[in-house]
Amino acid sequence: MSDRHILLVSHTGRQDSIDAAVEVCDLLHAAGLVPVMPFDEYADVRRAEASVGQVDILNVDVQADQLEIVIVLGGDGTILRAAELVRGTGAPIVGVNLGHVGFLAESERDGLHATVERALSGDYKVEERVTLQVDVVVGHEVVYSSWALNEATIEKASRERMLEVVTEVDGRPLSSFGCDGVVVSTPTGSTAYSFSGGGPVVWPDVDALLLVPLSAHALFSRPIVVGPDRVLAVEVLRRTSGVGVLWCDGRRTHDLPPGARVEVRRSPDPVRVARLKDAPFTDRLVAKFQLPVAGWRGPATEDDA
């Protein structure tokens, strides 16, 4: 067998994803490779009585820094899980959408075989996506650190209580208000939670950070976009009744008592994404959100004039 290592990450709670995982394993075996899977996903496939043949287990037989590429079967949540598994390595991620929108995915279910073939041949381009370094400071001590590819969200922990916060850019206060929460997002995450909160869509090749208040009771509560080297902070004011909660990509969480401060900056560790198509991001937006473009005639030409 080859010494090339390709990680397979799948949403094993769904039968269609398990079926797709079996197909990918068969294709990798046919190419002379042993697929790599996280142990829990391999166990789920076995419990479903699916046969994937010989498999190496991630962080047991093969370490993350030995991986060549990651093939992800599922929606954006599964891609975020894959990013968590290989963050800090050079392995790019290529997603096959088995979910709903699948904004981070590069192909759909009917393109599964072609995606595997191109992964095997190295026929793809690699994009680096900005990620966030997230620190929670209480007093003068960092009590929790995490990261995010999409967003870090500071939210109220109780439905009936409002979160009182003050936002800050580069150590200077911007505005204080009561709200349901605040989203700090990357351009990649601008089409996720940030978008739902009324934030702008930012093209993924733009180096920027976004801050989007959620249901803020304030005269000035507009989303803002700042340069990639700025430091954004959200402080939970001591007058807040109750506690807040920090979520990073909806996967990692930490409680925020009154007085806690969340500092967000660009992380030195980007996530690498394998691209199979040169389609403009505009086309991806139109396709994923099913935007109406009927009547478009394109830019004017000399003949039109």
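Each remark here, short or long, concerns the structure printed above.
Here is what the cut-offs are and how they apply
Residues numbered from 1 in each chain as written. Predicted model: local features only at pLDDT ≥ 70, side-chain atom pairs only at ≥ 80, totals over all residues. Heavy atoms only, no water. Pairing = 2+ DSSP bridges. Helix = DSSP H or I, 4+ residues; strand = E, 2+ residues; numbered from the N terminus. Axes fitted to C-alpha atoms, helices over the stretch in contact; angles between N-to-C directions. Polar contact = N/O pair within 3.5 Å; in protein donor to acceptor, adjacent residues only side chain to side chain. Contact = heavy atoms within 4.5 Å. Salt bridge = Lys/Arg side-chain N within 4 Å of Asp/Glu carboxyl O. Buried < 20%, exposed > 50% of the residue type's maximum accessible area, 1.4 Å probe, protein only. Phe/Tyr/Trp six-rings, centres within 6.5 Å; stacked < 30°, edge-to-face > 60°. Parallel < 35°, antiparallel > 145°, perpendicular 65-115°, else oblique. Left-handed = near helix turned anticlockwise from the far one by under 90°. Nonpolar A, V, L, I, M, F, W, Y, C, P; charged D, E, K, R; others polar.

Overview of the sheet that holds strand β11 (residues 163–169)
An order of β9-β8-β19-β16-β11-β12 is seen for the six strands of this open sheet, with the pairing classed as antiparallel. Sheet topology places β9 (141–148) and β12 (172–179) at the edges, where each strand pairs with a single neighbour. Between one strand axis and the next, the sheet turns by 20 degrees as a mean value, whatever way the strands run. Bridge analysis of strand β16 (residues 232–236) against strand β19 (residues 261–266) gives four bridges, and the strand direction is antiparallel. Residue pairing in the sheet places L232 in a bridge with V264 of β19.

Notes on the side chain of E168
Relative to the elements of secondary structure, E168 occurs in strand β11. Within the structure, the side chain of E168 is placed 3.4 Å from the backbone nitrogen of G171, a separation counted as a polar contact. Apart from residues no more than four positions distant in its own chain, E168 is found in contact with P173, L174, V231, L232, A233 and R261.

Section: the pattern of salt bridges
As enumerated under the stated definition, the model contains 28 salt bridges in all. Here D269 makes a salt bridge to R87, at a shortest N to O gap of 3.9 Å. You can see D269 sitting in the loop between β19 and β20 (271–275) and its partner R87 sitting in the loop between α3 (76–86) and β5 (93–97), a full 182 residues away along the chain. The salt bridge involving R129 is made with E127; its shortest N-O contact spans 3.1 Å. Accessibility expressed as a relative area gives 31% for E127, which makes it partly exposed.

Some thoughts on the sheet that holds strand β13 (residues 181–185)
One open sheet holds the six strands; their spatial order is β15-β14-β13-β10-β17-β18, and the pairing between them is antiparallel. Of all the strands in the sheet, just β15 (224–226) and β18 (252–256) have a single pairing partner and so form its edges. Pairwise comparison of adjacent strand axes, ignoring direction, gives a mean angle of 15 degrees for this sheet. Pairing of strand β10 (residues 151–156) with strand β17 (residues 244–248) involves five bridges; the strand directions are antiparallel. Pairing of I154 across the sheet is with L246, part of β17.

As for the environment of N59
Along the chain, N59 turns up in the loop between β3 (56–57) and β4 (69–74). You can call N59 partly exposed: its relative accessible area is 47%. Counting along the chain gives 26 residues from N59 to L85, while the straight-line C-alpha distance between them is 9.8 Å.

Some details on the environment of H113
Locating H113 in the fold gives a position in helix α4 (residues 112–121). Along the backbone, H113 and V24 are 89 residues apart, and their C-alpha atoms lie at a distance of 7.7 Å. In contact with H113, other than residues within four places in its own chain, are E23 and L27.

Observations regarding the packing of aromatic side chains
Within the structure shown, the criterion is met by four aromatic pairs. With a centroid separation of 5.2 Å and 50 degrees between ring planes, the pair formed by F103 and F289 is classed as tilted. One end of the pair, F103, is in the loop between β5 and β6 (107–108); the other, F289, is in helix α6 (residues 281–289), and 186 residues separate them in sequence. Exposure remark for F289: the relative accessible area of 25% places this residue in the partly exposed category. Aromatic side chains F195 and F289 sit 4.9 Å apart centroid to centroid with 15 degrees between the ring planes, which places their arrangement in the stacked category. With a gap of 94 residues between them, F195 in helix α5 (residues 193–196) and F289 in helix α6 connect regions that are remote in the sequence. Here the aromatic residues F103, F195, W203, F281 and F289 are joined through ring pairs into a cluster of three or more.

Description of the packing of helix α1 (residues 15–30) against α4
Following both chains from N to C, one finds α1 and α4 inclined at 40 degrees, their axes separated by 10 Å at the closest point. As the angle between them shows, α1 and α4 are arranged oblique. Considering only the axes of α1 and α4, their crossing is right-handed. Facing α1, whose interface residues are A20, E23, V24, L27 and L28, α4 presents L112, H113, V116 and L120. Its residues assigned to classes, the contact of α1 with α4 comprises seven nonpolar, one polar and one charged.

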